[in-house]
Amino acid sequence: MDGWDQFLAPYHQAVEELKVKLKGIRTDYRLGAHSSPVEFVTARVKPIQSIIEKANTRNIPYDELQEEMYDIAGIRIMCQFVDDIEVICRLVRDREDMSVVEERDYIENTKESGYRSYHIIIKYPVNTIHGVVDILAEIQIRTLAMNFWATIEHTLNYKYSGEYPPEIRHRLQNAADAAYLLDKEMSEIREEIHDAEKYYKKKRNI
Ligand SMILES: Nc1nc2c(ncn2[C@@H]2O[C@H](COP(=O)(O)OP(=O)(O)OP(=O)(O)O)[C@@H](O)[C@H]2O)c(=O)[nH]1
Ligand SMILES: Nc1ncnc2c1ncn2[C@@H]1O[C@H](COP(=O)(O)OP(=O)(O)OP(=O)(O)O)[C@@H](O)[C@H]1O
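In this text the structure is predicted, and so the values were computed from the model without any measurement.

> Can you walk me through empty space enclosed by the protein in this structure?
Empty space among the atoms becomes visible once a probe the size of a water molecule is rolled across them. Summed over the entire model, instances satisfying the criterion amount to one cavity of 30 Å³ or more. A volume near 40 Å³ is recorded for the largest cavity. Lining the largest cavity, in full, are Gly114, Arg116, Met146, Trp149, Ala176 and Ala179. Elements that contribute at least two residues to the lining of the largest cavity include exactly α5 (144-160) and α6 (166-188). Its residues assigned to classes, the lining of the largest cavity shows four nonpolar, one polar and one charged.

> Teacher, can you tell me more about the UniProt feature "domain: RelA/SpoT" (unreviewed entry) in the protein here?
The residues that UniProt annotates with the feature "domain: RelA/SpoT" (unreviewed entry) are residues 43-164. Across residues 43-164, the secondary structure splits into 37% helix and 34% strand, with the terminal C-alpha atoms separated by 28 Å.

> Any chance you could explain the site of ligand 1 here in plain terms?
Surveying the vicinity of ligand 1 reveals 15 residues, the closest of which are Arg58, Tyr70, Tyr106, Lys111 and Ser113. Note that an oxygen atom of ligand 1 is positioned 2.6 Å from one of the side-chain N or O atoms of Tyr106. Look at ligand 1: alone it shows 590 Å² of surface, and the protein chains cover 76% of it. Placement of ligand 1 is best described as lying within the largest pocket. Looking at the shell around ligand 1, the elements that each hand over two or more residues are α2 (48-58), β5 (131-143) and α5.

> It is not clear to me how the site of ligand 2 should be interpreted in this structure. Could you clarify?
In the vicinity of ligand 2, 13 residues are found, and the nearest of them are Arg44, Lys46, Ser50, Arg76 and His154. Between an oxygen atom of ligand 2 and a side-chain N or O atom of Lys46, the distance comes to 2.6 Å. Taking Glu138, its side chain carries an N or O atom lying 3.3 Å from a nitrogen atom of ligand 2. Burial of ligand 2 by the protein amounts to 70% of the accessible area it has alone, namely 600 Å². Applying the majority rule of atoms within 2 Å of the grid points places ligand 2 in the largest pocket. If you list the elements that add at least two residues to the shell around ligand 2, you get β1 (40-45), α2, β2 (73-79) and β5. A total of three residues in the shell around ligand 2 trace back to one element, the largest contributor, which is β2. Taken together, the residues that form the shell around ligand 2 break down as two nonpolar, five polar and six charged.

> Would you mind showing me how to read the layout of surface pockets here?
Approximately 1400 Å³ is the volume attributed to the largest pocket. What lines the largest pocket is a set of 32 residues, among which Lys46, Lys54, Asp71, Gln140 and His154 lie closest to the centre. Among the elements that make up the lining of the largest pocket, the one with the highest residue count is α5 (seven residues). Considered class by class, the residues forming the lining of the largest pocket number eight nonpolar, 12 polar and 12 charged. Every residue lining the second largest pocket is counted, 13 residues in all, and those nearest its centre are Gln6, Ala9, Pro10, Thr128 and His130. For the lining of the second largest pocket, the secondary structure elements donating two or more residues are α1 (3-31) and β5. Element by element, the count of residues in the lining of the second largest pocket is highest for α1, at six residues.

> Which parts of the structure should I look at to understand the nonpolar core?
A general tendency of soluble globular proteins is for nonpolar side chains to be buried together. The biggest cluster of nonpolar side chains holds 37 residues, and the ones touching the most others in it are Leu65, Ile72, Ile77, Ile122, Ile139 and Ile141. Those elements that provide at least two residues to this core are α1, β1, α2, β2, α4 (82-94), β4 (118-128) and β5. Examining the composition of this core, we find that eight residues originate from one element, α1, more than from any other. Excluding residues within four positions of it along the chain, Ile77 makes contact with Leu22, Val38, Phe40, Ile88, Ile139, Gln140, Ile141 and Arg142. One finds Ala145, Leu172, Ala176 and Ala179 within the second-largest nonpolar core, a separate group that totals nine residues.

> Explain the environment of Glu17 here, please?
Tracing the backbone shows Glu17 in helix α1. On a C-alpha basis, the gap between Glu17 and Val126 in space is 8.9 Å, while along the polypeptide they are 109 residues apart.

Each value, and the rule that gives it
Residues numbered from 1 in each chain as written. Chains lettered and ligands numbered in written order. Predicted model: local features only at pLDDT ≥ 70, side-chain atom pairs only at ≥ 80, totals over all residues. Heavy atoms only, no water. 1 Å grid on protein atoms, 1.4 Å probe; cavity = no way out; pocket = protein on both sides within 12 Å on 5 of 7 lines; lining within 4 Å. Points joined across faces, edges and corners; volume = space filled by probe spheres on them. Helix = DSSP H or I, 4+ residues; strand = E, 2+ residues; numbered from the N terminus. Nonpolar A, V, L, I, M, F, W, Y, C, P; charged D, E, K, R; others polar. UniProt positions renumbered as here; feature names shortened; annotations may be inferred. Near = heavy atom within 4 Å. Polar contact = N/O pair within 3.5 Å; in protein donor to acceptor, adjacent residues only side chain to side chain. Areas by Shrake-Rupley, 256 points an atom, 1.4 Å probe, with all protein chains shown as cover. Sits in = over half its atoms within 2 Å of the grid points. Core = buried A, V, L, I, M, F, W, Y, C linked by side-chain atoms within 4.5 Å. Buried < 20%, exposed > 50% of the residue type's maximum accessible area, 1.4 Å probe, protein only. Contact = heavy atoms within 4.5 Å.

Structure, rendered in structure tokens:
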């Protein structure tokens, strides 16, 4: 096992455990026959190359990665409606198996790029054969529309490294505005959608 494998092992464990636990929220709501604020959950351990690049640009020494790089373990929770985000935040804040270190509200404070999401940095204890290791993890909470925009923008970013030609920048801004309007429209017909879900489940007996 090389140094990176050893360093990343608790992060892999944290990500797997957090994925199961946060997906559990969805199951709990479904069992109670309620609409879940969680639509789906994804998770990843930051690729080594990306850790190295970020450490270099931020001047983070390798022996300080555990304390300084908070997104090596990353979880993403997607939901249908903007209001679901606050519900999920409250559930995370109330949990006893993790503690909140920091919150970043890029929904109230949309980034210049057009990026919207709510981020919670947590401290999560992982039990290993060497004892308990406290791992920092980043939970990104966003609607499906926010996720659509961010995923496309992230892909484009690989090509342009953030230096977009004016035409592309303009189109990304338009797309961000459209995603915002989509969220607003969906929130307004939320009750209608929930009624339709109940009707569908009753009809299908699920
Ligand atoms: N697609 C997209 N994702 C973003 C953008 N800004 C932030 N993110 C996501 O949010 C994460 C954390 O961003 P920030 O809270 O700004 O953290 P940071 O350390 O200041 O910035 P990063 O170096 O991007 O991690 C990033 O790693 C991305 O996954 C953006 O403009 N576009
Ligand atoms: N918290 C997260 N949960 C799930 N997936 C994530 C999370 N953060 C980033 N990802 C995804 O993981 C992949 C690789 O991540 P990487 O850390 O290189 O991207 P990034 O977040 O943009 O990095 P950086 O902040 O260093 O620019 C990308 O597809 C990214 O969208």
